[in-house]
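Observations on chain architecture
Residues per chain are reported as follows:
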Amino acid sequence: MTKTTLNKFIEYLKQTYKIYAPVRDGSELYVKPINDESEIAEIDFTNQIPINTFKPVLLPKRDVLFDFKKGKFEKKNIKYDPECAFLMSVMDLKAVGLFHQTFERDPYYQKKRQSNLLIGQAFFEGTGFTGHLRERYEEDILEHIIFDIMLVKAGPNKWKFYTGSEKGQVILEAFGFKDFEHIEFAGLIKEEGIDPELERHRKEIVEADNSAWGHWGDICTACGKCAIDCPTCYCFNIEDEQDTKEKGSGQRVRSWTTCFYNDFSEVGGGAKFLKTNARRIQNWYTHKWVRTPKEFQIMGCVNCGRCDKVCPVGIKRADVFKWLEEHKKSK
Amino acid sequence: MINPYEHKEAQVIKVSDQGTDIKSFDFKIKDGGLLDYTPGQFFVFSLPGYGESVFVPAEKVGKKNVYDIAVHKLGRVTSRFHQLKTGDTFGIRGPYGNGFDLNKFKGKNILLIAGGIGLVPLRCLLNYYINRNELDLKNRSIQLLYGCRSFGVMIFKDELKKWNRDFDIQISLDEGDHPAGTGMNCYKGVITVLFNKIDIIKNGVAILCGPPVIYKFVVPEVKQVGYNDEDIYLSLERRMHCAGLGTCQHCAVGPYYVCKDGPVFSYAQLKDTVQYF
């Protein structure tokens, strides 16, 4: 598909979906809503990782679970407006895999997923593979991630199309485009298992002496930015909001939070189990590298690098792992 | 798809004062249903407009399909709970978590150690045994060590008196005195004083529930008595929002989720986890 046809395709999608796509702002990309033709022209195809994520398309920042009236809950008909995440990176789509596992039995997430369309973009240049080998390499990656449609850069202003779901196939065919290949999803875990480097990091977290985290607790400000911009973070609160006009009416709302916030672990009476920044940053790393692999046999980090980039005090994962390793040796 | 956040409706049938800022609520499920659970599992209680809170209900002794919870008034939901009267309704969803390993407890001595409102899950286990005639005191010993700040905050005093006829109960009070006539042995000080004053039963399982501080100081005492790490059980309290689904992350403790992998853990599982107390 050429760029001209691609723009027509975006216009076509816009008839059904509210589109979110990466747009350049200075040296960085940000995921923004695409409202009109001029904004379509601003969509950035460079495959640079945007600072923010497509997470709201999967898990709304504020989601109403139930309404209640006169002190009684009402049966909820779960419904969402169709939204399209356009040009998700392979890393962000790996994160979708984790969301699928985590929210497997969550009817809100499942309905949201049914209503949305996930379109990815992958660059496989520089892999060293050519011809048939390159196709094998591409397919090997694509069959382990979740997407509806995937654009693979096939030259200047030219993309090869893959579909990863029936929904993707139906949409492309309805648009009148048939030159795509379908990829059968083969599960999140590759035959060769977890990436050895990530596995090494998992061991470092498990084996880290608790005192090792004090150093990072002194640096971390617990602002939560790494978690908000992380495509695999999904901490949430569920709280009731009362309608100020109608007594006994309101909504039960699920909303984003982060494990770095002060009241995150507070129980009745005021005790906090993640009392210090050291315990909070340790908990964050434990979630990514220990709890997630234990539960789903996949890593909770997709290596997108957003946390390294947005941390206001310059904490980088590579430095943390290096520190943990050296701390262990010094013991 | 079943919506895990939906709940059944329950109705309050009796409200009793249990101690300072603590009330118990007898309730039944409105459609007459049973709560099918293993002692130690928890439920999520819901009050529209106020939110959800986690409690461990217990069967009422000798009453079919009637349960109760003890609610300590500490926050928004529990304060609203304290306003409920007989006939009022609330939501309930669950059960969640693992509960106690009853098969493993069969025929074994049971050392129960509770601090404050931590008596609730242990009472849930006792009521379960009593209703099924499974205390089995001919073949084993049960001993309850119960530490409280003062006599005023001791809960379920009437039941403690009744239990004391069947098995050994030892009380510690941080402040004030224990009134005469209850028939229970009482010592002044924090719960660890009991380990120097009395004979603690051995060769069984020890089950602890209470504020985090008791785990820190009581587990070493229990180990000193001779209990193995695998035979010491802790029932943990944590903040929960999804409460039982293992998604919201609030209750994470090291590699575990208290709502899914717990709330009952063996000490062997937790001893290397810094955040457990």
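Residues numbered from 1 in each chain as written. Chains lettered and ligands numbered in written order. Predicted model: local features only at pLDDT ≥ 70, side-chain atom pairs only at ≥ 80, totals over all residues.

When helices and strands are counted, chain A shows 13 helices and eleven strands. Radius of gyration (C-alpha) of chain A: 22 Å, near the 20 Å computed for a compact globule of 331 residues. Counting only C-alpha atoms, chain A reaches 60 × 60 × 40 Å along its principal axes. Put simply, chain A has 331 residues, and 39% of those count as buried. The contacts of chain A with a sequence gap of at least 6 include a subset with a gap of at least 24, amounting to 66%. (Helix = DSSP H or I, 4+ residues; strand = E, 2+ residues; numbered from the N terminus. Rg over C-alpha atoms; globule rule 2.2 N^0.38 Å. Buried ≥ 20, exposed ≤ 12 C-beta atoms within 10 Å, placed from the backbone. Contact = placed C-beta atoms within 7 Å.)

This brings us to unusual backbone geometry. Residue and element names in this part refer to chain B. With an omega of 5°, the peptide bond running from G94 to P95 counts as cis. Structurally, P95 can be placed in strand β7 (residues 89-96). The residue after G262, namely P263, is reached through a cis peptide bond having omega 5°. Locating P263 in the fold gives a position in the loop between α7 (258-261) and β16 (264-266). Phi at D21 is positive, roughly 60°, even though this residue is not glycine. Inspection of the secondary structure assignment puts D21 in the loop between β1 (8-19) and β2 (22-29).

Here we come to the packing of helix α9 (residues 212-219) of chain A against helix α13 (residues 317-330) of chain A. All names here are of chain A. Across the interface, α9 lies against α13 with an axial gap of 9 Å and an inter-helix angle of 145°. Classified by chirality, the crossing of α13 by α9 is right-handed. Only V320, W323, L324 and H327 of α13 make contact with α9, whose side of the interface consists of A212, H215 and W216. (Axes fitted to C-alpha atoms, helices over the stretch in contact; angles between N-to-C directions. Left-handed = near helix turned anticlockwise from the far one by under 90°.)

Here the focus is the domain arrangement of chain B. All names here are of chain B. For chain B, the assigned domains read domain 1 (8-96) and domain 2 (102-276). One C-alpha centre belongs to domain 1, the other to domain 2, and the line joining them spans 21 Å. If you look at the interface, domain 1 gives 20 residues, while domain 2 gives 23 residues. Contributions of two or more residues to the side of domain 1 that touches domain 2 are made by β1, β3 (42-47), β4 (51-55), β5 (58-59), β6 (67-72) and β7. (Domains from an automatic or database assignment.)

A separate point is the interface of chain B and chain A. As a measure of interface size, the accessible area lost when the parts come together is often cited. Between chain B and chain A, the contact holds 29 residues from the first and 37 residues from the second. When its residues are assigned to classes, the side of chain B that touches chain A shows twelve nonpolar, 13 polar and four charged. (Nonpolar A, V, L, I, M, F, W, Y, C, P; charged D, E, K, R; others polar.)

This part takes up the domain arrangement of chain A. Residues and elements named next belong to chain A. As far as domains go, chain A holds domain 1 (3-59 + 77-182) and domain 2 (196-236 + 257-330). Taking the mean C-alpha position of each, domain 1 and domain 2 sit 29 Å from one another. Ranked by residue count, the leading element in the side of domain 1 that touches domain 2 is helix α4 (residues 90-102), at nine residues. Taken together, the residues of the side of domain 1 that touches domain 2 break down into seven nonpolar, six polar and three charged.

Now for the sheet that holds strand β9 (residues 180-182) of chain A. All names here are of chain A. Spatially, the seven strands line up as an open sheet ordered β2-β1-β5-β6-β7-β8-β9, and their pairing is mixed. Sheet topology places β2 (28-34) and β9 at the edges, where each strand pairs with a single neighbour. The mean angle between the axes of side-by-side strands here comes to 25°, regardless of whether they run parallel or antiparallel. Here strand β1 (residues 18-25) pairs with strand β5 (residues 83-88) via three bridges, running parallel. If you follow I19 over to β5, its bridge partner there is C84. (Pairing = 2+ DSSP bridges.)

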